[in-house]
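Summary of structural features
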Amino acid sequence: MAIIENPKTILAGDVGGTKCNLALFRQNRTVLELIFQRRYPTKDYASSSFEAMLQDFCRHAAESGASTKNITAAGFGCAGAVVDDRFHSANLPWVLVGKDLANAMGFKGVAMLNDLEAAACSLDHLPPTDLLVLNPGAPQPHGAKALLAAGTGLGEAILYWTGDKYHVAPSEGGMADFTPHTEREIELLRFLQKRMPNVCSEEVLSGRGFLAIHEFLDSSVRHPSFDHSPGDVAREITQNALAGACPVCVEAVDLWVSAYGSEAGNLALRALAFGGIYVAGGIALKILPKMQDGTFFRAFCAKGSFAPILAHIPIHIVLNEDAPLWGAAYRALAG
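The model shown is predicted, which means the values in this text are computed figures rather than measured ones.

Moving on, we come to the overall build of the chain. For the chain, the helix and strand inventory stands at 13 helices and 13 strands. In terms of overall dimensions, the chain is globule-like: its C-alpha atoms have a radius of gyration of 21 Å, near the 20 Å expected for 335 residues. C-alpha extents for the chain along the principal axes are approximately 60 × 45 × 35 Å. Out of the 335 residues belonging to the chain, those deemed buried represent 52%. Taking the contacts inside the chain whose residues are at least 6 apart along the sequence as the reference set, 67% of them involve residues at least 24 apart. Taken as a whole, the chain presents about 15500 Å² of accessible surface, with 52% of it coming from carbon and sulfur. When the 27 basic and 34 acidic side-chain charges of the chain are each reduced to a single mean position, those positions are 3 Å apart.

So, in structure tokens, the structure goes:
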């Protein structure tokens, strides 16, 4: 393999409403190597600009000894929709336009991706140690793949083989209607319909869904975090459940994981994802023992006559929380 005389330096970012995870990568033949990484609270730059954050990042990188002079391209994944090179996100304090970022920072190009699209772009580049096998299955060569990730919201993406590589198709599947598959979930849907005009999957299968489920099961049981942020509530409910400290929390997490598995099975059917299903996002990592106890997989397969087919689909949990960052970097390298 020929040695690259002028390896590329790529700037990549996982841009969110709470924090922005930025990194520099250097090309080493066909792979990227991480050379510097730093996180910044988004609120610290709410009154200035994203470009100001990038400038601070470049300064901090240079102070650490990482050169920023040869950045040839950049890629950013964001929790929102990308339309005409522009991020549309209610969680960001700025409007981000790829062309404008490239001009302001002197980059040759900027790849703008939905965060799930960015995570999906990382799958072919993650080492086996970054993937936990829930079901080995029997993957179909070049079969379609699908990714879903529950965290602050619920994101979904599909990967199709185009003859020489996988092409990522982003979606807003998390905004589709919540589809109950048990009597208890039907009751949950009716409970939520009294609170909101439309119950999308994200209302249940995200961090804020834990409180909704807990209140549905027993509104008389309260915990200290219930008066704080959704992230604090989800953390306390899941920790209580894993420790067996609260029966309602245990039941809430069991219902949540079952509904998550069912949604993964729905996505597998819609995409015919015989190449595999990948589960990313911070929640799965925080409740790994529950994800592995069979609840998720049983609900995934519970699709009537298609159960034996779904049982042969590989399922992996993405352990690398920086997957969107790596995916954005590889997309920038390719572009």
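Picking up where we left off.
The final tally for this structure, using the stated rule, is one cavity of 30 Å³ or more. Quantified by volume, the largest cavity comes out at close to 30 Å³. If you trace the largest cavity, you find it lined by Phe178, Thr179, Ser201, Leu205, Ala259, Ser262, Glu263 and Asn266. Looking at the lining of the largest cavity element by element, the count peaks at four residues for helix H8 (residues 247-271). A per-class count over the lining of the largest cavity returns three nonpolar, four polar and one charged.

For the rest of this paragraph, the subject is the sheet that holds strand E8 (residues 131-135). Judged by pairing direction, the sheet is mixed, and its six strands sit side by side in the order E8-E13-E12-E9-E10-E11 without closing on themselves. Across the chains shown, the open sheet's two edge strands, defined by having one partner strand only, are E8 and strand E11 (166-170). Averaged over all neighbouring strand pairs, the angle between strand axes comes to 25 degrees, with direction disregarded. Across the sheet, H8 is in contact with strand E9 (145-150), strand E10 (154-161) and strand E12 (276-280); its angle to E9 comes to roughly 150 degrees.

Further remarks concern the packing of aromatic side chains. For the structure on display, the rule yields 12 aromatic pairs. Between Phe25 and Trp326, the ring centres sit 4.7 Å apart and the planes meet at 65 degrees, which makes this aromatic pair edge-to-face. Separated by 301 residues along the polypeptide, Phe25 in strand E2 (residues 19-28) and Trp326 in helix H13 (residues 323-334) bring together distant segments of the chain. A relative accessible area of 0% means that Phe25 is categorised as buried. Each member of the aromatic cluster is reached from another via a ring pair, and the members are Phe36, Tyr40, Tyr45 and Phe57.

Looking now at the pattern of salt bridges. Considering all chains together, one arrives at 17 salt bridges under this definition. Here Arg222 ties to Asp227 by a salt bridge, and the two come within 3.5 Å at their closest N and O atoms. A salt bridge links Glu263 to Arg270; the shortest N-O distance between them is 3.8 Å. We classify Glu263 as buried; its relative accessible area is 5%. Here the salt bridges do not stand alone but share partners, grouping Arg195, Glu215, Arg222 and Asp227 into one network.

Where helix H4 (residues 183-193) meets helix H6 (residues 209-217), the axes come as close as 10 Å, and the angle between the chain directions of the two elements is 100 degrees. Compared by their axis directions, H4 and H6 come out roughly perpendicular. Note on element contacts: H6 touches H4 through Ala212, Ile213, Glu215, Phe216 and Leu217, opposite Arg184, Glu187, Leu188, Phe191 and Leu192. Residues of the contact of H4 with H6, tallied by class, amount to seven nonpolar, no polar and three charged.

Take the layout of surface pockets next. Estimates place the volume of the second largest pocket at around 360 Å³. In terms of lining, the second largest pocket is formed by 16 residues, of which the most central are Cys121, His125, Lys165, Tyr166 and Ala334. Elements supplying a minimum of two residues to the lining of the second largest pocket: helix H3 (115-122), E11 and H13. Broken down by element, the residue count for the lining of the second largest pocket peaks at four residues, all from H13.

Three or more residues of helix H2 (residues 98-105) are buried, namely Gly98, Leu101, Ala102 and Met105. Down the axis of H2, the smallest arc covering the buried residues is 100 degrees, so these residues share one side. Residues of H2 that are exposed and point over 90 degrees away from its buried face: Lys99 and Asn103. Once H2 ends, the next one or two residues include Gly106, with phi positive near 75 degrees.

Rules and cut-offs
- Residues numbered from 1 in each chain as written.
- Predicted model: local features only at pLDDT ≥ 70, side-chain atom pairs only at ≥ 80, totals over all residues.
- Heavy atoms only, no water.
- Helix = DSSP H or I, 4+ residues; strand = E, 2+ residues; numbered from the N terminus.
- Rg over C-alpha atoms; globule rule 2.2 N^0.38 Å.
- Buried < 20%, exposed > 50% of the residue type's maximum accessible area, 1.4 Å probe, protein only.
- Contact = heavy atoms within 4.5 Å.
- Areas by Shrake-Rupley, 256 points an atom, 1.4 Å probe, with all protein chains shown as cover.
- Lys, Arg positive; Asp, Glu negative; His and termini not counted.
- Charge placed at Lys NZ, Arg CZ, Asp CG, Glu CD.
- 1 Å grid on protein atoms, 1.4 Å probe; cavity = no way out; pocket = protein on both sides within 12 Å on 5 of 7 lines; lining within 4 Å.
- Points joined across faces, edges and corners; volume = space filled by probe spheres on them.
- Nonpolar A, V, L, I, M, F, W, Y, C, P; charged D, E, K, R; others polar.
- Pairing = 2+ DSSP bridges.
- Axes fitted to C-alpha atoms, helices over the stretch in contact; angles between N-to-C directions.
- Phe/Tyr/Trp six-rings, centres within 6.5 Å; stacked < 30°, edge-to-face > 60°.
- Salt bridge = Lys/Arg side-chain N within 4 Å of Asp/Glu carboxyl O.
- Parallel < 35°, antiparallel > 145°, perpendicular 65-115°, else oblique.
- Arc of directions from axis to C-beta.

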